[in-house]
Amino acid sequence: MATAQPVVVSLADLKSGNISFETLQEAFGPESLGILVVKDVPPEFPQLRHQLLSYASYMGNLSEADFEKFTNEAAKYLVGWSKGREKLKDGAADEYKGSFYANCAFYVDPTLESAKPTEKFPLEKFPEYLAPNSWPPNETLPGFRPTMEQMCRLIIDTAVLVARACDKFAEKEIPGYPSAYLENVVKSSSTTKARLLHYYPMPEEAIAKGQEEDNWCAVHKDHGCLTGLTSAMFIDELKTDAKVPSFGDKLPGLLPTLEELPGSPDPQAGLWIKDRKGVPVQVKIPRDCIAFQTGEALERITRGKFKAVEHSVRGAYAKGVARNTLAVFTQPNLEDEVDLDQHITFGEFARGIIAKNTV
C-alpha cells in the first residue's frame, strides 16, 4: 500500500508570511500531490473536531422522518441532507454515505443563509448555490448548527492565510495577476460550501465485495479553490450508541461527544490522491491539523502554476465502523472570474459539474 507524506507548514508561518515559494510548489505545483497540511492550529480545534464529527454519527442515525425536515430536493440535495445521490466509481448511487451540506455565506454576513441571487445567477437556475440552508431543528440535534458554523469559520480563516501565500507566489510568477486576488476571493465568497460526511458501517456483503474496490467514490477533482479537510474520525457503532439520547423537555447545549477509535481498523480507508504519474497514494491527515487540497478554480486562477488534484475517498471495510469527516470547499462567488484570460466566471465554470457528479 503506497502512502505519501504531504507538505506540512505551521499556522504561525502562514500568519507571518514565512512560506517559501519552493514549499508552495512542493505542495501545489505541477509535480505535487496538491495538498498542504497546516499544524499548530487554534487550540479549540481538536475539541471542535471531535464534537462536530460526533454529530455526523448522530445525524446519520436519525429517522427518515427527521431527515425530511432538512432535505431539499429542489436544491439538488446540495443543501441540507443527502444520501444516495452521488455517483460511485461504477456509476451506481452511493448508498453507504450520508452528507449534510451548508452554505457558508454566514462567514461574510451572519444573517445570510446563502449567496444572494442576481439577474445573471437567479435562484431557479442555481439552486445548489442559492437555496437557503436547511438546518436540522435544534430540538432534533441540539447544538449542531453553532458547532458547524464555528468549525467552518475556523477552517475558512485558515484558508484565507493559505490563499495569501498563494497570491504572493502568483503575483511574482504570473504576469498581470491581480494583487491579493485569491485571498479576496476566499475571504469575500458567499458560495463557499461545507460538507459533513458520514460513511455508514458497511453491511457484511459490502465488506466482502470491498476488496474489489468497487464502491470507492469516483476519482474526481474539486472544482473550487482550496478544500479544507479535517482528519477522519472512526466510530465503532456496534459498541458506541450513536442514537441521539433522550433529554425530555430540557434541551442540552451540546450532545455528548462519541468515543473515537484510536485509528482506522481498515488500513485502506481514507483519502487517496493520484500522484502526477497517475499512481494512487494514501495521504493521512493528523487529528490536530487541517489539510488543504487544490481545486480546479485555483488551477484556472493561477494559469496552471498550481494543479488541481485527482482524488477519491474510501470508507472503512470493518464491521460496525463508521467514518466521519468534514470538507469545506472555498469557492469563488458566482460572478467572480476564475479564468482571467477568457473572463469565465465561477458560475459559468461550475454549471455543468454538478450534473456529472450526482444521480
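Scroll up for the structure.
Description of the structure in this document. (Residues numbered from 1 in each chain as written. Predicted model: local features only at pLDDT ≥ 70, side-chain atom pairs only at ≥ 80, totals over all residues. Heavy atoms only, no water.)

### Thoughts on the overall build of the chain
Put simply, the rule is: Counting from the N terminus, the helices are DSSP H or I runs at least four residues long and the strands are E runs at least two residues long. All radius of gyration figures rest on C-alpha atoms, and the globule criterion is 2.2 Å times the number of residues raised to 0.38. To sort residues, take the accessible area from a 1.4 Å probe on protein chains only and compare it with the maximum for the residue type: under 20% means buried, over 50% means exposed, and anything in between is partly exposed. It only takes one pair of heavy atoms within 4.5 Å for two residues to be counted as in contact.
Of the regular secondary structure elements, the chain holds eleven helices and 14 strands. Against the 2.2 N^0.38 benchmark of 21 Å for 359 residues, the chain shows a C-alpha radius of gyration of 20 Å, consistent with a compact globule. C-alpha atoms of the chain, sized along the principal axes, occupy 60 × 50 × 40 Å. The buried share of the chain, taken over its 359 residues, is 58%. Excluding contacts between residues fewer than 6 apart, the proportion of contacts in the chain whose partners are at least 24 apart in sequence is 80%.

### Comments concerning the sheet that holds strand β11 (residues 311-314)
We apply this condition: Two strands form a pair only when DSSP identifies at least two bridges running between them. Note on geometry: axes are C-alpha line fits, over the in-contact stretch for helices, and angles between N-to-C directions span 0 to 180 degrees.
As summarised here, the arrangement of the three strands in space is β9-β8-β11, forming an open sheet in which the pairing is antiparallel. Across the chains shown, the open sheet's two edge strands, defined by having one partner strand only, are β9 (280-283) and β11. Across this sheet, the average inter-strand angle for adjacent strands is 30 degrees, counted without regard to direction. Here strand β8 (residues 270-274) pairs with β11 via four bridges, running antiparallel. Within β11, the residue paired with L271 across the bridge is V313.

### Looking at the pairing of β8
Counting buried residues in β8 gives four out of five residues, a clear majority hidden from the surface. Relative to β9, β8 runs antiparallel, the two being bridged by four bridges. In the sheet register, W272 faces β9, and the bridge partner there is Q282. The turn linking β8 back onto β9 is made up of five residues, and G278 within it adopts a positive phi angle of 85 degrees.

### Considerations on the nonpolar core
Defined as follows: By nonpolar core we mean a set of buried residues, namely Ala, Val, Leu, Ile, Met, Phe, Trp, Tyr and Cys, connected to one another through side-chain atoms within 4.5 Å.
Grouped together as the largest cluster of nonpolar side chains are 82 residues, with contacts concentrated most on F144, M148 and L326. Element by element, the count of residues in this core is highest for helix α6 (residues 144-173), at 16 residues. Those residues in contact with F144, other than ones at most four positions away along the chain, are L52, Y55, M59, F100, W135, P136 and L196. By size, the runner-up hydrophobic cluster in this structure holds 18 residues, among which are I35, V37, Y199 and I273.

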